[in-house]
Amino acid sequence: MQKLLDKWQIDTSELLAFGDGNNDLEMLALANESYAMKNGSKEVLKTAKYTAPSNDEDSVLRMIESYLYE
């Protein structure tokens, strides 16, 4: 993930990340704003800074919309 951020010249402070599985751990740890889905793994819930409703509730879309319309 860090290689992609460097390539695209994106700072971690600009990264908004959502995850539910252990494959998301690196991304969640890097992101300034990281969300674990409520139904995510225990490791994801520990790593992310915040918890969002489960991904069965369109929560990623709702969270992104809230950031865009702040």
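See the structure above.
Colleague: A description of the overall build of the protein should follow, citing residues and the corresponding values.
Modeller: Each helix and strand counted, the protein has 4 helices and 3 strands in total. Helices and strands in the protein line up, N terminus first, as α-β-α-β-α-β-α. For 70 residues, the compact-globule estimate of 2.2 N^0.38 gives 11 Å, and the protein sits close to it at 12 Å. The proportion of buried residues among the 70 residues of the protein is 31%. In the protein, of all internal contacts separated by at least 6 residues, the share reaching a separation of at least 24 is 17%. Of the roughly 4,800 Å² of accessible surface on the protein, a fraction of 50% belongs to carbon and sulfur atoms.

Colleague: Explain the sheet that holds strand S3 (residues 50-52) to me, using residue names and the numbers behind them.
Modeller: Here 3 strands make up an open sheet; going across it, the order is S1-S2-S3 and the pairing parallel. Looking at the sheet topology across the chains shown, the edges are occupied by strand S1 (16-19) and S3. Here the average twist between neighbouring strands, direction ignored, is 30 degrees. Direction of pairing for strand S2 (residues 33-37) relative to S3: parallel, over a ladder of 3 bridges. Within the sheet, the bridge partner assigned to Ala-36 lies in S3 and is Thr-51.

Colleague: Now, about the packing of aromatic side chains: what can you tell me, with residues and values included?
Modeller: Between two aromatic rings, the relevant description is the distance of the centres plus the angle of the planes. One pass over the full model with this rule turns up 3 aromatic pairs. Note on Phe-18 and Tyr-35: the rings are 5.4 Å apart at their centroids and 20 degrees apart in plane angle, and the pair reads as stacked. Of this pair, Phe-18 sits in strand S1 while Tyr-35 is found in strand S2, placing the two residues 17 residues apart along the sequence. Tyr-35 matches Phe-18 in its accessibility class, with the two residues each being buried.

Colleague: So what about the nonpolar core? Which residues, and what values?
Modeller: Membership of the largest hydrophobic core is limited to 9 residues, which are Leu-5, Leu-15, Ala-17, Met-27, Leu-28, Ala-31, Ala-36, Val-44 and Ala-48. Once residues lying within four places of it in the same chain are set aside, the contact partners of Leu-15 are Leu-5, Met-27, Leu-30, Ala-31, Asn-32 and Glu-33.

Colleague: Describe the pairing of S1, naming the residues involved and giving the relevant values.
Modeller: Sheet analysis places S1 next to S2, joined by 4 bridges and oriented parallel. The partner of Ala-17 across the bridge, within S2, is Ser-34. Note on the crossover from S1 through helix H2 (residues 25-30) to S2: the handedness is right-handed.

Colleague: Describe the pairing of S2, with residues and values.
Modeller: The buried count for S2 comes to 4 of 5 residues, which makes it a mostly enclosed element. On the question of chirality, the crossover connecting S2 to the parallel S3 by way of helix H3 (residues 42-47) is right-handed.

Cut-offs and rules
- Residues numbered from 1 in each chain as written.
- Predicted model: local features only at pLDDT ≥ 70, side-chain atom pairs only at ≥ 80, totals over all residues.
- Heavy atoms only, no water.
- Helix = DSSP H or I, 4+ residues; strand = E, 2+ residues; numbered from the N terminus.
- Rg over C-alpha atoms; globule rule 2.2 N^0.38 Å.
- Buried < 20%, exposed > 50% of the residue type's maximum accessible area, 1.4 Å probe, protein only.
- Contact = heavy atoms within 4.5 Å.
- Areas by Shrake-Rupley, 256 points an atom, 1.4 Å probe, with all protein chains shown as cover.
- Pairing = 2+ DSSP bridges.
- Axes fitted to C-alpha atoms, helices over the stretch in contact; angles between N-to-C directions.
- Phe/Tyr/Trp six-rings, centres within 6.5 Å; stacked < 30°, edge-to-face > 60°.
- Core = buried A, V, L, I, M, F, W, Y, C linked by side-chain atoms within 4.5 Å.
- Right-handed = clockwise from strand over helix to strand, strands pointing away.

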